[in-house]
Amino acid sequence: MKAIVITTPGGPEVLQLQQVDDPEIKDDEVLIKVEASALNRADTLQRKGAYPPPKGASPYPGLECSGTVLSVGKNVTRWKVGDQVCALLSGGGYAEKVAVPAGQVLPIPPGVSLKDSAGLPEVACTVWSTVFMMSRLSAGETFLVHGGSSGIGTFAIQIAKTKGATVFITAGSEDKLAFCKNLGADVCINYKTEDFVTRVKEETGGKGVDVILDCIGAAYLQRNLDSLNFDGTLCLIGFQSGAVTEIKLNTLLPKRLTVQGAALRPRSRENKAMVVNEVEKNVWPAIAAGKVKPIIYKSFPLSDTGEAHRLMESSEHIGKILLVP
Ligand SMILES: NC(=O)c1ccc[n+]([C@@H]2O[C@H](COP(=O)([O-])OP(=O)(O)OC[C@H]3O[C@@H](n4cnc5c(N)ncnc54)[C@H](OP(=O)(O)O)[C@@H]3O)[C@@H](O)[C@H]2O)c1
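On a predicted model such as this, the values are computed, not experimentally measured, just so you know.

J.: Help me understand the overall build of the chain, please; the structure alone is not making it clear to me.
T.: Counting secondary structure elements, the chain contains ten helices and 15 strands. The C-alpha atoms of the chain give a radius of gyration of 19 Å, which matches the 20 Å a tight globule of 325 residues would have. For the chain, the residues scored as buried account for 52% of the 325 residues in total. Looking at the chain alone, contacts between residues at least 24 apart form 68% of all its contacts between residues at least 6 apart. If you sum the accessible surface of the chain, you get close to 13700 Å²; carbon and sulfur atoms cover 51% of it. Considering the chain, the positive charge centre built from 35 side chains and the negative charge centre built from 34 side chains are found 2 Å apart.

J.: Can you walk me through the domain arrangement of the chain in this structure?
T.: When the parts of a complex come together, some accessible area is lost, and that lost area is often used as the size of the interface. Domains assigned within the chain are domain 1 (2-120 + 294-324) and domain 2 (124-261). At the junction of the two partners, domain 1 supplies ten residues and domain 2 supplies eleven residues. Contact between domain 1 and domain 2 buries roughly 820 Å² in total, counting both sides, with carbon and sulfur atoms accounting for 67%. On the domain 1 side of the interface with domain 2, the three residues burying the most area are Leu 120, Ile 295 and Ile 318, jointly 55% of the side's total.

J.: Help me out: how do you make sense of the site of the ligand in this one?
T.: Near the ligand, the surroundings consist of 25 residues, among which Arg 41, Gly 172, Lys 176, Tyr 191 and Ala 262 are the closest. For the ligand, an oxygen atom lies 2.4 Å from a polar atom in the side chain of Tyr 191. Contact with the protein chains hides 89% of the accessible area of the ligand, taken as 910 Å² for the molecule alone. Grouping the constituent residues of the shell around the ligand by class yields eleven nonpolar, eleven polar and three charged. Of the domains in this structure, domain 1 (2-120 + 294-324) and domain 2 (124-261) are the two that each give at least three residues to the shell around the ligand.

J.: How do you make sense of the sheet that holds strand β9 (residues 166-171) when you look at a structure like this?
T.: Neighbouring strands of a sheet are bound in pairs by backbone hydrogen bonds; such pairs are parallel or else antiparallel. A sheet is described by the order of its strands in space; here six strands give the open sequence β10-β9-β8-β11-β12-β13, paired in parallel fashion. The open sheet is flanked by β10 (187-190) and β13 (258-261), the only strands paired with a single partner. Ignoring strand direction, the axes of neighbouring strands in this sheet form an average angle of 15°. For strand β12 (residues 228-236) and β13, the ladder comprises four bridges, and the chain directions are parallel. The partner of Cys 235 across the bridge, within β13, is Gln 260. Across the sheet, helix α4 (residues 174-183) touches β9 and β10, and the angle it forms with β10 is around 170°. Against the sheet, helix α6 (residues 218-226) makes contact with β11 (209-214), β12 and β13, and its axis sits at roughly 155° relative to β12, the strand it touches most.

J.: Which parts of the structure should I look at to understand the pattern of salt bridges?
T.: Pairing is possible between side chains of opposite charge, provided their charged atoms come close. On inspection of all chains with the given rule, the structure shows 15 salt bridges. For Arg 47, the salt bridge goes to Glu 313, with nearest N and O atoms at 3.0 Å. Taken together, the residues Arg 47 in helix α1 (residues 41-47) and Glu 313 in helix α10 (residues 305-314) connect sequence positions 266 residues apart. Close ionic contact of Arg 199 with Glu 194 constitutes a salt bridge, the shortest N to O distance being 3.1 Å. Residue classification places Glu 194 among the partly exposed residues on the basis of a relative accessible area of 30%. Connected through shared salt-bridge partners, Asp 28, Glu 29 and Arg 269 make up one network.

J.: Looking at this model, I keep getting lost on the pairing of strand β14 (residues 296-301). Mind explaining?
T.: In the sheet, β14 pairs with strand β15 (residues 320-324) via five bridges, with the strands oriented parallel. Following the sheet pairing, Ile 296 is matched in β15 by Lys 320. At this point the chain moves from β14, through α10, to the parallel β15, and the crossover so formed is right-handed.

J.: Looking at this model, I keep getting lost on the packing of aromatic side chains. Mind explaining?
T.: By convention here, two paired aromatic rings are described through the distance between centres and the angle between planes. Throughout the structure, instances matching the rule amount to two aromatic pairs. Measuring from centroid to centroid gives 4.8 Å for Phe 196 and Tyr 220, while their planes differ by 55°, and the two rings are tilted. Separated by 24 residues along the polypeptide, Phe 196 in helix α5 (residues 196-203) and Tyr 220 in helix α6 bring together distant segments of the chain. As far as the burial class goes, Phe 196 and Tyr 220 line up, both buried.

What counts and what doesn't
Residues numbered from 1 in each chain as written. Predicted model: local features only at pLDDT ≥ 70, side-chain atom pairs only at ≥ 80, totals over all residues. Heavy atoms only, no water. Helix = DSSP H or I, 4+ residues; strand = E, 2+ residues; numbered from the N terminus. Rg over C-alpha atoms; globule rule 2.2 N^0.38 Å. Buried < 20%, exposed > 50% of the residue type's maximum accessible area, 1.4 Å probe, protein only. Contact = heavy atoms within 4.5 Å. Areas by Shrake-Rupley, 256 points an atom, 1.4 Å probe, with all protein chains shown as cover. Lys, Arg positive; Asp, Glu negative; His and termini not counted. Charge placed at Lys NZ, Arg CZ, Asp CG, Glu CD. Domains from an automatic or database assignment. Buried area = accessible area lost by both parts, 1.4 Å probe. Near = heavy atom within 4 Å. Polar contact = N/O pair within 3.5 Å; in protein donor to acceptor, adjacent residues only side chain to side chain. Nonpolar A, V, L, I, M, F, W, Y, C, P; charged D, E, K, R; others polar. Pairing = 2+ DSSP bridges. Axes fitted to C-alpha atoms, helices over the stretch in contact; angles between N-to-C directions. Salt bridge = Lys/Arg side-chain N within 4 Å of Asp/Glu carboxyl O. Right-handed = clockwise from strand over helix to strand, strands pointing away. Phe/Tyr/Trp six-rings, centres within 6.5 Å; stacked < 30°, edge-to-face > 60°.

Below, the structure is given as structure tokens:
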């Protein structure tokens with residue numbers, strides 16, 4: 001098969017389409033003929049050598065895909081050859097075929113095309129496992145997501161609205177703010193022209209928000225804590241601005257704040273299967289009802305993966321970028 005190989009750590013030019021061996025499936029895995037794969041910010045880190053694949057994962061990048069089941073291992077009962085599916089991967093999505101544990105495979109939700117479904121597993125599993133399973137965002141609460149126009153952000157806005165939260169977002173341009181508003185965000189803050197802490201306080205009568213999903217890290221840590229309500233939770237899923245900073249611990253104590261962190265890729269197979277199962281139960285019905293949609297910005301052929309990475313690193317996109325073999 002053909003797959004994208006990271007020839008050496010570096011820029012988008014190191015992503016080369018090459019002929020490689022087909023993956024072999026284990027007894028509890030399925031082999032998928034990839035219809036589409038989607039980019040995630042972590043893929044750009046992997047390309048630079050800063051995010052190596054976990055032990056046992058495919059060396060090729062790609063954390064999610066959609067496609068058709070080509071073969072199943074002898075212990076797999078749920079899936080059969082010919083099924084159309086999408087899947088959460090530990091790697092290997094930037095390829096014509098990928099092997100994946102059966103527990104990380106999902107059916108295509110009604111109303112979504114096979115191709116566009118490639119953009120759902122990573123955002124759905126990340127947002128559901130953090131904002132809802134860990135931080136317990138509930139109906140009537142307030143929720144701030146930084147990077148509202150990102151793949152993660154566009155999904156988080158929609159699912160949080162269906163669960164009855166008031167949604168605040170930050171983004172860096174008026175076009176992105178307008179897009180997020182249209183998706184259902186209640187309060188849209190341009191972080192380049194406004195201080196988000198001041199705006200959050202104004203909009204919440206001085207209280208702050210109940211849950212924050214943050215991918216910015218160091219530069220926002222103190223300001224995130226300052227933006228939380230009593231008993232609020234900050235959930236960290238990335239550190240685009242850096243991983244080391246100082247905070248005033250006396251912000252945590254009086255407000256009884258919780259700071260959590262989570263990464264999806266290092267979870268065990270069993271843990272990923274548990275998350276995927278919760279996503280199918282809690283998120284798939286909202287997609288089937290048309291309340292949550294994958295937001296697809298652009299598709300590239302697999303041979304243009306370097307261009308797709310350049311687009312992601314420019315941050316011009318809104319939502320997900322797809323790759324089609
Ligand atoms: N822990 C996990 O398991 C996990 C899983 C998936 C993703 N993530 C993380 O979640 C983040 C989003 O991932 P993605 O794949 O959806 O990437 P993406 O689409 O490339 O989004 C990155 C976003 O960050 C925004 N941004 C950059 N600086 C900002 C700032 N100072 N304030 C607010 N927003 C800012 C950019 O928008 P602007 O143009 O508006 O700046 C862009 O929309 C990444 O950091 C990724 O590593 C973590």
